[in-house]
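# Residue-level structural notes
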Amino acid sequence: MDFLQPAPQLVHPYRNDRTLLALLDRAMPADRRAALDADLDALGDYAQFAWERARRSTPKTPVLTRWDAWGRRVDRIELTAAWQEGPQLATRYGILAAGHAPHAHARLEQFARVYLYHLASEFYTCPLAMTDGAIAALEACGNRALIERALPHFLSRDPAAFWLSGQWMTETTGGSDVGRTGTVARRDADGQWRLYGRKWFSSAVVGEAALALARPEGAGEGTAALALFYVETMDGSGRKPQLVVDRLKDKLGTRELPTAEIHLDGLPAWPLGELAHGVRQVAPMLNVTRTWNAVCAVASMARALALACDYAARREAFGRPLIEQPLHAQTLAGMRAEFEGAFALAFEVVQLLGRVEQAQAAPHEPALLRLLTPLAKLWTGKLAVALCSEALECFGGAGYIEDTGLPQLLRDAQVYSIWEGTTNVLALDSLRALDEGLPALRTAVAGWVADSHEPDAVAAVHATLEAATRQAQALAGERGALEAAARGSAITLARC
Ligand code: MFK
Ligand code: FAD
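Residues numbered from 1 in each chain as written. Chains lettered and ligands numbered in written order. Predicted model: local features only at pLDDT ≥ 70, side-chain atom pairs only at ≥ 80, totals over all residues. Heavy atoms only, no water.

### Observations regarding helix α3 (residues 81-92)
- With 12 residues, α3 extends 17 Å between its outermost C-alpha atoms, agreeing within 8% with the 16 Å of an ideal straight helix rising 1.5 Å per residue.
- Taken as a whole, α3 has its buried residues at Ala 82, Trp 83, Gly 86, Leu 89, Ala 90 and Thr 91. (Helix = DSSP H or I, 4+ residues; strand = E, 2+ residues; numbered from the N terminus. Expected span 1.5 Å × (residues − 1). Buried < 20%, exposed > 50% of the residue type's maximum accessible area, 1.4 Å probe, protein only.)

### Observations concerning the domain arrangement of the chain
- In terms of domain boundaries, the chain breaks down into domain 1 (165-279) and domain 2 (281-496).
- With centres defined by C-alpha atoms, the gap from domain 1 to domain 2 works out at 31 Å.
- In this assembly, 19 residues from domain 1 lie in contact with 15 residues from domain 2.
- In total, about 1300 Å² of surface goes out of reach between domain 1 and domain 2, with carbon and sulfur atoms giving 57% of it.
- Considering only the side of domain 1, the residues that lose the most area to domain 2 are Gln 167, Leu 252 and Thr 254, jointly responsible for 35% of the buried surface there.
- If you look at where domain 1 meets domain 2, you find zero salt bridges.
- Our enumeration of links across domain 1 and domain 2 arrives at 13 residue pairs in polar contact (both at pLDDT 80 or more).
- Of all the secondary-structure elements, those providing two or more residues to the side of domain 1 that touches domain 2 are β3 (165-168) and α7 (278-314). (Domains from an automatic or database assignment. Contact = heavy atoms within 4.5 Å. Buried area = accessible area lost by both parts, 1.4 Å probe. Salt bridge = Lys/Arg side-chain N within 4 Å of Asp/Glu carboxyl O. Polar contact = N/O pair within 3.5 Å; in protein donor to acceptor, adjacent residues only side chain to side chain.)

### Section: the site of ligand 2
- The local shell around ligand 2 holds 20 residues, among which Gln 167, Thr 170, Gly 175, Ser 176 and Thr 422 are the closest.
- In the environment of ligand 2, an oxygen atom lies 2.5 Å from a nitrogen or oxygen atom belonging to the side chain of Ser 176.
- Interatomic distance of 2.7 Å between a side-chain N/O atom of Ser 203 and a nitrogen atom of ligand 2.
- Look at ligand 2: alone it shows 990 Å² of surface, and the protein chains cover 65% of it.
- Contributing elements (two or more residues each) for the shell around ligand 2: β5 (193-202) and α11 (423-451).
- Looking at the shell around ligand 2 residue by residue, the class counts come to seven nonpolar, 11 polar and two charged.
- Among the domains, domain 1 (165-279) and domain 2 (281-496) are the pair contributing at least three residues each to the shell around ligand 2. (Near = heavy atom within 4 Å. Areas by Shrake-Rupley, 256 points an atom, 1.4 Å probe, with all protein chains shown as cover. Nonpolar A, V, L, I, M, F, W, Y, C, P; charged D, E, K, R; others polar.)

### With respect to the pairing of strand β6 (residues 209-216)
- The buried fraction of β6 amounts to eight of the eight residues, a majority that puts the element mostly inside the structure.
- Where β3 meets β6, four bridges bridge the pair, whose relative direction is parallel. When the sheet's bridge partners are listed, Gly 166 is paired in β6 with Ala 210.
- Here strand β4 (residues 184-187) pairs with β6 via two bridges, running parallel. If you follow Ala 185 over to β6, its bridge partner there is Pro 216.
- Sheet topology places β6 next to strand β7 (residues 227-232); six bridges connect them, and they run antiparallel. Bridge pairing in β7 places Leu 213 opposite Leu 228. (Pairing = 2+ DSSP bridges.)

### A closer look at the site of ligand 1
- In the region of ligand 1, 28 residues are neighbours, and Thr 223, Arg 280, Arg 290, Glu 420 and Arg 432 sit closest.
- For ligand 1, an oxygen atom lies 2.9 Å from a polar atom in the side chain of Arg 290.
- A distance of 3.3 Å separates a nitrogen atom of ligand 1 from a polar side-chain atom of Arg 370.
- Counting only elements with at least two residues in the shell around ligand 1, the list comes to α5 (125-141), α7 and α11.
- Ranked by residues supplied to the shell around ligand 1, first place goes to α7 with 10 residues.

### Quick word on the packing of aromatic side chains
- Summed over all chains, the structure comprises 13 aromatic pairs.
- Between Tyr 230 and Trp 270, the ring centres sit 6.4 Å apart and the planes meet at 50 degrees, which makes this aromatic pair tilted. Of the two residues, Tyr 230 sits in strand β7 while Trp 270 sits in strand β11 (residues 260-271), which places them 40 residues apart along the sequence.
- The exposure class assigned to Tyr 230 is buried, which follows from its relative accessible area of 1%.
- Here Trp 270 falls in the partly exposed class, since its relative accessible area comes to 33%.
- Counting every residue linked through ring pairs, the aromatic cluster contains Tyr 115, Phe 339, Phe 343 and Phe 347.
- For the cation-ring pair, Arg 55 lies above Trp 51, with the distance from its terminal atom to the ring centre recorded as 4.0 Å.
- The ring centre of Trp 200 lies 3.6 Å from the NZ or CZ of Lys 249, which sits over that ring. (Phe/Tyr/Trp six-rings, centres within 6.5 Å; stacked < 30°, edge-to-face > 60°. Lys NZ or Arg CZ within 6 Å of the ring centre and 35° of its normal.)

### Structural notes on helix α9 (residues 365-393)
- Between its terminal C-alpha atoms α9 stretches 40 Å, which fits the 42 Å expected from 29 residues at 1.5 Å a residue.
- Along α9, the helix axis deviates most sharply at Leu 372, where the bend reaches about 25 degrees; the proline Pro 374 sits within four residues downstream. (Bend = angle between axes of the 7 residues up to and from the residue.)

### Overview of the side chain of Thr 80
- Positionally, Thr 80 belongs in the loop between β2 (73-78) and α3.
- We classify Thr 80 as buried; its relative accessible area is 6%.

### Points about the packing of α9 against helix α10 (residues 406-413)
- Interhelical geometry of α9 versus α10 gives an angle of 160 degrees and a closest axis separation of 8 Å. Considering the angle they form, α9 stands roughly antiparallel to α10. For α9 against α10, the interelement crossing comes out left-handed. The segment α9 lies against α10, with Gly 381, Ala 384, Val 385, Cys 388, Ser 389 and Leu 392 engaging Leu 406, Pro 407, Leu 409, Leu 410 and Ala 413.
- For the contact of α9 with α10, the class distribution of residues is nine nonpolar, two polar and no charged. (Axes fitted to C-alpha atoms, helices over the stretch in contact; angles between N-to-C directions. Parallel < 35°, antiparallel > 145°, perpendicular 65-115°, else oblique. Left-handed = near helix turned anticlockwise from the far one by under 90°.)

Structure representation (structure tokens):
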């Protein structure tokens, strides 16, 4: 009988994740921690089930049918099994609702769920993130009518009542530079606003609502003249005829996620607030979705590492299991150290977000959150690609073979650094946040110095911060040089 290599097994993603378990044990009161356990255990079970199901089945992607047999435009999208299960899973485990419970650990409880659900969901977490972001933007603008209309659906624990929201920003003219948005908002004689234009990437096209940037007719050029609108996409059980799905994108990864190009041809819309400064109004959404991105990037790393570690105990080379080869063990240890740093940063942002939202933050923490959000998003996005690539190599040739399920980890990871603001855009955003954020970070580090049992490590962090501060001060008057150095200093600060 020929030798057959045993496949890597996915160990239970919750019960075996010592990084997550340690954080929850450390950060949460015992009663809340105990109450959370059953949901996280069940989401870990689902993750194992989904991994095994994917190994048994042929990969599926969403299919768009534009016309029915009789020539009617239907724009119907068939979804994968995990996507069809999405509303049940999201509502049963309160993946959005948990984050909005009135206590300081709500965000931590929510993102522990997101972390475990993400890969099993096949990026159903993408529209969940945007829905969560829409909640933040609606709450920040304080539009009572829209809040009362949409939030009961977004936060519902009933799959029949649950709605997803999209985020329609990117156009062919620019995804980073949304100030060039061409979509126009026109007002009918009866006062109803309608949107006309083309949105080039829409990842929640199966959702029931969206927040869209558009330029009110007659408003000037540029970012400040944009307004932010709320739209609904469905008319009964069908899509509204003023929303046309042109095609689904053929993507490198996230293939189960239906990302569409769409046309808006008079879609009814309601402004969230004033008819200008739409980017300022959408910023709370961006900061929430960027937090989701960081946590999901860390979840991809956790999966890659878990599989690579399991395989290292099964695969033998040169007479012993890989894990007993010092260099392979060292490779895995290096990956784990990077992962744990990224996990700590992402979940620091999660906990800060929870405290700031519940008005339980220290005075310096809102500015710290504002700075660490782009830093966490950009660094975890970059690291996810590097770490998933390294993990594939840990399997040798098998890591390159499609039906092992491993290449998908790398293909999917590439998205984290592109959407929701590229690495450069976030590095520039960190410059926006730095004036207030750097002193706040120094205050936080001073607190860690006082509490630390590892003075050498904290001293190194402190020295890095001081150097970053000196660099920011030296370049303050030279915008070009400051921008050119922004990626380097953002990555230094994030790793620090
Ligand atoms: C599964 C994982 C979960 C993740 C799912 C994600 C799904 C992905 C779907 C998408 O990709 S949706 C599209 C995401 N698009 C972006 O993230 C846009 C990227 N571009 C930027 O972020 C630009 O920096 C930005 C468009 C925000 C700004 O460009 P501008 O034209 O130079 O605007 P400006 O004048 O700098 O900023 C306008 C206002 O917004 C300013 O405030 P004021 O009006 O008061 O002066 C800024 O301070 C404010 N602002 C910008 N970014 C902010 C912010 N405020 C708070 N937080 C921020 N992050
Ligand atoms: P560009 O803005 O043209 O950027 C090109 C390059 O230029 C990048 O490397 C960027 O870093 C760099 N760059 C740009 N400006 C600067 C600068 N000032 N300084 C230095 N470098 C700069 N968008 C939505 O609105 N809704 C969605 O649902 C959605 N879903 C998506 C799903 C997927 C799978 C993908 C891949 C994208 C999705 N997007 C969505 C679009 C995404 O947000 C944009 O692609 C992204 O913001 C980048 O915009 P762009 O493609 O126009 O690239």
